[in-house]
Each structure stands twice: as structure tokens, then as C-alpha cells.
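The chain contents come next:
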Amino acid sequence: MKGKLIRPAVIGLVIVGALVVVGGIAYATIPDGSATIHACYQKNQGALRVIDTDKAQTCSSSETPLSWNQTGQQGPPGPTGPSDIWSVDGYGSNASLAPAQTWVTLATTSLPAGSYSVQAEAEAKTILAISTAYACDLVNSSNNEYQSSSATNSDWVTIPVQAVVTLTTPDTISLRCIADVLGSAAYNWKLAAIKVGTVH
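Definitions and cut-offs
Here the residue numbering is sequential within each chain, running from 1 through the sequence in written order. The model is predicted, so local features are restricted to residues of pLDDT at least 70 and side-chain atom pairs to those at 80 or more, both for listing and for counting; the totals for chains, interfaces and linings are taken over all residues. Computation of side-chain values: all heavy atoms of the structure, hydrogens and water removed. For helices the rule is a DSSP run of H or I covering at least 4 residues; for strands it is a run of E covering at least 2, with both sets numbered from the N terminus onward. When accessible area is computed with a 1.4 Å probe and restricted to protein chains, residues below 20% of their type maximum are described as buried, those above 50% as exposed, and intermediate ones as partly exposed. Whether two residues are in contact is decided by their heavy atoms, any of which lying within 4.5 Å being enough. Surface accessibility in these figures is a Shrake-Rupley result with a 1.4 Å probe; residues are shielded only by whichever protein chains are displayed. Definition used for salt bridges: Asp or Glu carboxyl oxygen within 4 Å of a side-chain nitrogen of Lys or Arg. When DSSP finds two or more bridges between a pair of strands, those strands are recorded as paired. Every axis in this analysis is a line fitted to C-alpha atoms, fitted for helices over the stretch in contact. Angles between the N-to-C directions lie between 0 and 180 degrees. In the analysis that follows, any N or O atom pair within 3.5 Å is treated as a polar contact, provided that within protein one partner can donate a hydrogen and the other can accept it, and provided that, for residues neighboring in sequence, both atoms belong to side chains. The term nonpolar core refers to a set of buried residues drawn from Ala, Val, Leu, Ile, Met, Phe, Trp, Tyr and Cys, joined through side-chain atoms within 4.5 Å. Only four residue types enter the charge count, namely Lys and Arg as positive and Asp and Glu as negative; His and the chain termini do not.

(A) Fine view of the overall build of the protein chain. Looking only at helices and strands, the protein chain has 1 helix and 11 strands in total. Taken from N to C terminus, the helices and strands of the protein chain fall in the order α-β-β-β-β-β-β-β-β-β-β-β. Going through the 200 residues of the protein chain one by one, you find that 28% of them count as buried. The long-range fraction of contacts in the protein chain, counting pairs at least 24 apart against all pairs at least 6 apart in sequence, stands at 69%. Of the roughly 12700 Å² of accessible surface on the protein chain, a fraction of 56% belongs to carbon and sulfur atoms.

(B) Highlighting the pattern of salt bridges. All chains considered together, the criterion is met by 3 salt bridges. Close ionic contact of E63 with R49 constitutes a salt bridge, the shortest N to O distance being 2.8 Å. Of the two residues, E63 is situated in strand β3 (residues 63–69) and R49 in strand β2 (residues 48–51); the sequence distance between them amounts to 14 residues. We classify E63 as buried; its relative accessible area is 10%. When its relative accessible area of 35% is taken as the criterion, R49 is described as partly exposed.

(C) Representation of the sheet that holds β3 in the model. What the 3 strands build is an open sheet, ordered β2-β1-β3; its pairing is antiparallel. The open sheet has two edge strands, β2 and β3, and neither has a second partner. This sheet shows a mean twist of 30 degrees between the axes of neighbouring strands, independent of strand direction.

(D) Structural view of the side chain of D171. Residue placement: D171 occurs in strand β10 (residues 171–179). In terms of polar contacts, D171 uses its side chain to reach the side chain of S141, at 2.6 Å.

(E) Expanded view of the nonpolar core. Core analysis: the biggest nonpolar cluster contains 29 residues, and L106, V118, L138, L175 and W189 have the highest contact counts within it. Within the residue set of this core, elements represented by two or more residues are β5 (104–111), β6 (114–126), β7 (132–139), β9 (157–167), β10 and β11 (184–196). By residue number, the principal contributor to this core is β9, which donates 6 residues.

(F) Seen up close, the pairing of β10. Counting buried residues along β10, 9 of its 9 residues qualify, which places the element largely inside the surrounding structure. What you see with β10 is no split at all: D171, I173, L175, C177 and A179 on one side and T172, S174, R176 and I178 on the other are buried throughout. Pairing between β5 and β10: 7 bridges, direction antiparallel. Opposite L111, over in β10, you have D171 as the bridge partner.

(G) Quick peek at the side chain of D32. Here D32 shows up in the loop between α1 (2–27) and β1 (36–42). Of the side chains with opposite charge, K55 lies nearest to the buried D32, which makes no salt bridge, at 14 Å. Looking at D32, its side chain comes within polar contact range of the main-chain nitrogen of T36, at 2.9 Å. Side chain to side chain, D32 and H38 meet in a polar contact 2.8 Å long.

No statement about biological role is implied by the geometric values presented.
Quick look at the structure:
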């Protein structure tokens, strides 16, 4: 008979205890309203304890106060990555590489100051059934050459050229090509400049 009376009482105490614990957790303010955790570091022993400043808890004279944010501090900004591309698509186009041994500008793009990875290419062919030398290069508005590439063939040939270019002021970058004989032409050219953050 006593056992039957004790069991409900014990169960009742357990429930009340659980409610008190849950209530304490519900009203705890760690971290605080600004998502900051406050703690005290024992100078001599190295023990660390977390405190609730909203309940006026403080560190003793033998402790050093510490605090940290759950989200952590923002680190330094990383280097700027590629952000813009300037592109000229000459697919389906053609231009005579005449007169012979004379540079012909196929594509030009205007760029603001900065560093760029520039890639270009053009196809070339001569109407003569002979081996013909071609060359293409990348130049600025003053015709200063950044890079060039050449090829020799009696039929279709693709001439790629690329360079890393740094402009201190706004300027243009152009793709030019040349052939050593008459009757040559360039086709399907393209020019792309990708802005980069840092050149190593």
C-alpha cells in the first residue's frame, strides 16, 4: 500500500525538477543579446567558467574576463578575382591580309586601367597552293607589341596568341595578323580580355 502512494509522489517530484531545469535553460542568456559569450579565466589555475552578465555575474579579482562572439571576427579581405571580360567575336568574318607583309588589324577592344589575361586567335588561308607564313600579335594603341605567334601552312591554319597585359591608363588592345604573300585572308577571329586582380 505504501509503495503505491510513494510512486506517484516520486514521479511528481521528478516532473517538478524537470520543469525547474527547463525553466532555467529557457531564461538563460548565454550568449547575451549581442551573441557574445562572457567568461572568467583563473589566472593561477587556468580554469575557465562561463558567466551570465545579464544576471550580474562578474569575474573575481583572481580571474581575467574574456569574451568572444559566436560568429567570430571577420578576417582580412582576399585578393580580387576575375570580375569582367571584354570580348570581340569575329566568327563568320573575313579580311584580306593585303598588301603582303603588312599588318592588318582584325579586332580591337577598349580597356580601363588594370591587369588582364588576353587571349586571341585567327584562322588564315591563301588562295595559292603554296606554303605561306602567317603571324598574329597583340598590341596597344601605340602599336607596342605584347606577344606574337606565327605559323606556316599551304592550307587552313589557326594562329593563337595570348599575353598578360597591365595597363596603367585606359587603352586599347588589338589583334593584328600578317601574311608573307598576296592572296591571303584571315577568318573567324576572336579576342577576349579577362580582368584579373593580381599578376604574380
